[in-house]
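Reading the structure
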Amino acid sequence: MKRVYYGWVVCLVSTLLLFVTMGTVSNGFSVYLPYIMAEHGLTNAQTSSLVTLRCLASFFAMLGIGFYYKKVSIRVGVGIAAACAGASFCLYSVAESYPVFCLGAAISGLSYGLGSMIPVSILMNRWFVKHRALALSICASGSGVATIVLPPVTTALVEGLSMTAAFRIEGCAVFLFAALIVLFLRNDPKEKRLEPYGWEEAHPAGDAGETQRPSFTLTAGAWVLMACVSLFMGALANPGFSHLSVLYTSEGFDPMVVAAIISAAGVMITVGKLIYGEVTDRIGGCKSSLLFGGILLGGYLLCCLAFLQSMAVTVATVLFLGVGYPIATMGPSVWANDMCSADCYPTVVRRLQVIYAGGALVFASVPGILADRLGGYIPAYLMFSGFLAAALVCIALAYRETRKHRRV
């Protein structure tokens, strides 16, 4: 019986990693925001600032991630990152004041910054030659699975027990997941005496694999364009998704309905990531980015109609957001793979992810500030729609610039 290639085990473990470091501390945590605001008397701006602090810590963690993974292996490093997520939930469980919530948010940001798409992208680049985008999409679906599972579970725990109990239960689960990640993850195929999946096709008989593609990276113009794209994506994806719960709550939706909306979006995000990976492998990063980016733009425009309280519009919003969101989380990894050679990949993907985190940081508090001044969250989603439209133009121009440079 043919054994399953161990890279797929690494892929599943990486999926669990992103469930923890992206799903629980970001997408899943958004469900808590209305409860924290109500139980502790926080303003909209203070509640949004928790997202800001998480993004700030994530940003600085990503700035130092190159040094971090020179000191520790990816296996150990992501284990520590996952444990930080558990520690943040333990802090939230004992928080009675705004500063303690801020500390928990900062620690959760370390988890996000050190344990999310950067190490996972590098792992998938090491383990896979064939089906690399599909493997990456499976990993990225971890945060989508968290968005499916956590909103109804969290809401039920908070409503049935208490917010403190919900934080403690989820914190214990995260520590268990961190242990499993360290137990099964492997840094490189060589640790299992294997070659990357699809290596044989990339290096046929008689090719020792020494011949590599010429080294190349983004041109100055492409860097400017992709920096803008990553900045916009970080701004609209992270704060945009984190504030969906307060958007719909503030427009009069019942908390359980809001939890169902977030969970349904998680289902579609998970499906969308798998579709995005397969489509990208087939038609390439440029076309798939424009396709899925257009779908996401439709979703953000529909968010601006939340005041209608129409379930038909809400269902359409969930479908468009879910299918479109993969471009935001997986895009930097795909763009780096398309626009640079393998030797430059870790540096390029790290820089794009740092800029992405910077966008999330700069705009994390903006929805709450706009809501305090303008009376709701819809203006923020109009702003995000504009950012996305600009990002799609920049993506098209950056791919054209890269193709032109490669032909020279």
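The following refers to the structure shown. Here the structure is a predicted model, which is why all the values come from computation and not from measurement.

On the surface, a nonpolar cluster with roughly 400 Å² of combined accessible area is contributed by Val257, Met311, Val315, Leu319 and Phe320. For the nonpolar patch, the leading source of residues is helix H15 (residues 311–324), giving four residues. Inspection of the secondary structure puts Val257 in helix H13 (residues 255–283).

A few words on the packing of aromatic side chains. This model, assessed by the stated rule, comprises 23 aromatic pairs. Here the aromatic rings of Phe59 and Phe60 are separated by 5.6 Å at their centres, their planes lie at 75 degrees, and the arrangement is edge-to-face. With 6.0 Å between their ring centres and 70 degrees between their planes, Tyr300 and Phe384 make a pair best called edge-to-face. Taken together, the residues Tyr300 in helix H14 (residues 285–303) and Phe384 in helix H19 (residues 378–407) connect sequence positions 84 residues apart. The burial state of Tyr300 is the same as that of Phe384; both residues are buried. Of the aromatic side chains, those joined through ring pairs into one cluster are Phe29, Tyr32, Phe89, Tyr92, Phe101 and Phe167. Geometry around Tyr6 places Lys192 over its ring, the cationic atom sitting 4.4 Å from the centre.

What follows is about helix H7 (residues 117–127). Most of H7 is tucked away, with ten of its eleven residues classed as buried. What H7 keeps buried is the set Met117, Ile118, Pro119, Val120, Ser121, Ile122, Leu123, Met124, Asn125 and Trp127.

What counts as what
Residues numbered from 1 in each chain as written. Predicted model: local features only at pLDDT ≥ 70, side-chain atom pairs only at ≥ 80, totals over all residues. Heavy atoms only, no water. Patch = residues over 30% accessible without salt bridge, like charges linked within 9 Å, V, L, I, M, F, W, Y side chains within 5 Å. Areas by Shrake-Rupley, 256 points an atom, 1.4 Å probe, with all protein chains shown as cover. Salt bridge = Lys/Arg side-chain N within 4 Å of Asp/Glu carboxyl O. Helix = DSSP H or I, 4+ residues; strand = E, 2+ residues; numbered from the N terminus. Phe/Tyr/Trp six-rings, centres within 6.5 Å; stacked < 30°, edge-to-face > 60°. Buried < 20%, exposed > 50% of the residue type's maximum accessible area, 1.4 Å probe, protein only. Lys NZ or Arg CZ within 6 Å of the ring centre and 35° of its normal.

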